[in-house]
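Next come the chains, spelled out residue by residue.
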Amino acid sequence: MTKIIAINAGSSSFKFELFEMPAEKEIARGLIERIGLGEGKFTLQSATGRESIERNFKNHTEAVNVMLESLVSKNIIRSLDEIEGTGHRVVHGGETFSEAVVIDEAVVKEIEHLSEFAPLHNPANLMGIHAMVELLPDVTHVAVFDTSFHQTMPESSYLYSLPYKYYKDYRIRKFGFHGTSHKYVTERASKLLKRPLEELRLISCHLGNGASIAAVKAGKSLDTSMGFTPLAGVTMGTRSGNIDPSLIPYIMEKTNKSAVDVLNVLNRESGLLGVSGFSSDLRDITDEAKRGNERAELALEVFGSSIHKYMGSYAARMGGVDAIIFTAGVGENSALIREKVLDSLEFMGVYLDKKTNNQTVGTEATISHSYSPVKVLVIPTDEEVMIAREVMDLMG
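Since this is a predicted model, take the numbers as computed values, not measurements.

Observations regarding the domain arrangement of the protein chain
The assigned domain composition of the protein chain is domain 1 (2–145) and domain 2 (194–383). The distance between the C-alpha centroids of domain 1 and domain 2 comes to 30 Å.

Points about the UniProt feature "binding site: Mg(2+)" (unreviewed entry) in the protein chain
Mapped onto this numbering, the UniProt entry gives "binding site: Mg(2+)" (unreviewed entry) at Asn8 and Glu383. On the basis of their most widely separated C-alpha atoms, the annotated residues across 376 residues gather in one place, lying no more than 9.9 Å apart. Along the chain, asparagine 8 turns up in strand E1 (residues 2–9). If sequence neighbours within four positions are ignored, asparagine 8 has contacts with Phe14, Lys15 and Arg89. As for its placement among the helices and strands, glutamate 383 is situated in helix H15 (residues 383–395). Sequence-distant contacts of glutamate 383, defined by excluding residues within four places in its chain, comprise Thr180, Ser181 and His206.

Focus on the packing of helix H1 (residues 60–73) against helix H3 (residues 122–135)
Running from N to C, H1 and H3 cross one another at 55°; their axes reach a closest spacing of 9 Å. As summarised for this structure, H1 and H3 are arranged oblique, according to the angle between their axes. The way H1 lies across H3 gives a crossing that is right-handed. Contact residues: His60, Thr61, Val64, Asn65, Met67 and Leu68 in H1; Met127, Gly128, Ala131, Met132, Glu134 and Leu135 in H3. In terms of residue class, the contact of H1 with H3 is made up of seven nonpolar, four polar and one charged.

Structural notes on the pattern of salt bridges
Scanning the entire structure with this criterion turns up 25 salt bridges. The residue lysine 74 makes a salt bridge to glutamate 51 at a minimum N-O spacing of 2.8 Å. On the criterion of sequence distance, the pair formed by lysine 74 in the loop between H1 and strand E6 (83–90) and glutamate 51 in strand E5 (residues 49–56) is long-range, its members being 23 residues apart. Taking the shortest distance from any N to any O, the salt bridge between lysine 183 and glutamate 390 comes out at 3.0 Å. One end of the pair, lysine 183, is in helix H6 (residues 179–193); the other, glutamate 390, is in helix H15, and 207 residues separate them in sequence. Taking relative accessible area as the criterion, lysine 183 reaches 23% and is therefore assigned partly exposed. If you follow the salt bridges from partner to partner, you end up with Lys3, Glu20, Arg78 and Glu82 in one network.

Some remarks on a nonpolar patch on the surface
A cluster of nonpolar side chains, Tyr160, Leu162, Tyr166 and Tyr170, forms an exposed patch at the surface whose accessible area comes to about 400 Å². With respect to the secondary-structure elements, leucine 162 resides in the loop between helix H4 (155–158) and helix H5 (164–170).

A short note on helix H10 (residues 282–290)
Every buried residue belonging to H10 is among Leu282, Ile285, Thr286 and Ala289, and all of these are buried. Viewed along the axis of H10, the buried residues span an arc of 100°, placing them on a single side of the element. Looking at the buried residues of H10, the elements they touch are helix H9 (271–276), helix H11 (294–318), helix H12 (328–333) and helix H13 (335–342). At the exit of H10 stands glycine 292, carrying a positive phi of roughly 95°.

Brief notes about unusual backbone geometry
A cis amide bond, omega 5°, links methionine 21 with the succeeding residue proline 22. Topologically, proline 22 is positioned in the loop between strand E2 (14–21) and strand E3 (25–33). The phi torsion at lysine 194 lies on the positive side, around 55°, for a residue other than glycine. Relative to the helices and strands, lysine 194 resides in the loop between H6 and strand E9 (201–207). What makes lysine 194 exposed here is its relative accessible area of 76%. The residue alanine 328 is not glycine, and still its phi comes out positive at about 75°. Residue classification places alanine 328 among the buried positions, given a relative accessible area of 5%.

So, the nonpolar core
One finds Ile203, Leu207, Ile213, Met311, Ile324 and Leu342 to be the most contacted residues of the largest nonpolar core, which totals 43 residues. The biggest single contributor to this core is H11, with 10 residues. Of all hydrophobic cores here, the second largest spans 26 residues; its members include Ile5, Phe57, Val64 and Ile76.

What counts and how
- Residues numbered from 1 in each chain as written.
- Predicted model: local features only at pLDDT ≥ 70, side-chain atom pairs only at ≥ 80, totals over all residues.
- Heavy atoms only, no water.
- Domains from an automatic or database assignment.
- UniProt positions renumbered as here; feature names shortened; annotations may be inferred.
- Helix = DSSP H or I, 4+ residues; strand = E, 2+ residues; numbered from the N terminus.
- Contact = heavy atoms within 4.5 Å.
- Axes fitted to C-alpha atoms, helices over the stretch in contact; angles between N-to-C directions.
- Parallel < 35°, antiparallel > 145°, perpendicular 65-115°, else oblique.
- Left-handed = near helix turned anticlockwise from the far one by under 90°.
- Nonpolar A, V, L, I, M, F, W, Y, C, P; charged D, E, K, R; others polar.
- Salt bridge = Lys/Arg side-chain N within 4 Å of Asp/Glu carboxyl O.
- Buried < 20%, exposed > 50% of the residue type's maximum accessible area, 1.4 Å probe, protein only.
- Patch = residues over 30% accessible without salt bridge, like charges linked within 9 Å, V, L, I, M, F, W, Y side chains within 5 Å.
- Areas by Shrake-Rupley, 256 points an atom, 1.4 Å probe, with all protein chains shown as cover.
- Arc of directions from axis to C-beta.
- Core = buried A, V, L, I, M, F, W, Y, C linked by side-chain atoms within 4.5 Å.

See the structure below:
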């Protein structure tokens, strides 16, 4: 069996899962927090239980070294020689990377170059890459990009109605995100529906603190709600989603804020938090709505409505829809939001089984009636497994 590590590195964190492939069996998972920030924490979960240690991790290389040593000392693996590949989540691949790639010096340089599109994420992802390459120089290292799945979108989907030279000169276009998740759940839907992916028209709803909708036709992304950045699209936890661009100078004038300040408001103070006035967590808002909090009820309506609009839009783009998929934290766990999103869609063949919907929390299920022409699926996402699969594919 081949052992693969799937990695999601942040500027001060390092999240990983160790898989036995091709069985896709998780052997261990862990999280290293507060790297370079003083007192850090390393949590490791395996068949032998859960353990935590606290220490000062000066940088990612030191943190990864502790992780690798722990895998051996806890007898999770016999030696580091068992690890044959690592897969790294990289947020932005631009137009350069339409699929996962084996990491070499040229790939690293291009990821650095693309950091202008994701200044908070790509440099952090590179920290994890550099640490793993340094400590495991002889294994296959693979970059898996959030944006690559959406590189199949046609120009009519990804171009903005701006002067065309802005696209040619500055690559201003829709890129889309959550691609690894959308790819995983649509492939899983094909298996559940027992139909070839090439025959299916799917709407994938990745609903978490960040949220995006994707129209996937014949296994390829036709359109998606996020745009040049993850700010666009539906209402999210703290992000506004789509707004009239003219609001930015208007808010600047009324509040004496700079453009950067306004963007911070749109990214960090808007969405569910902005409408409700007290939380970006859907669970908190749902609880308050049950108590009669009108702002909480309004936040739920705005959130559901912003997603609901994409159902008809993407069905039209694909000439119909065979199934709608809900995934990620909210999509997998909130029966209320799923019901709001699907409300009044019977005209396009969506018949929700409310009893099954209400009973489905965090598990794989079909929540539409058996007679519903359009199936509705809840599929827990597994981006780490998808990353491990990409590594295996590139290892041959």
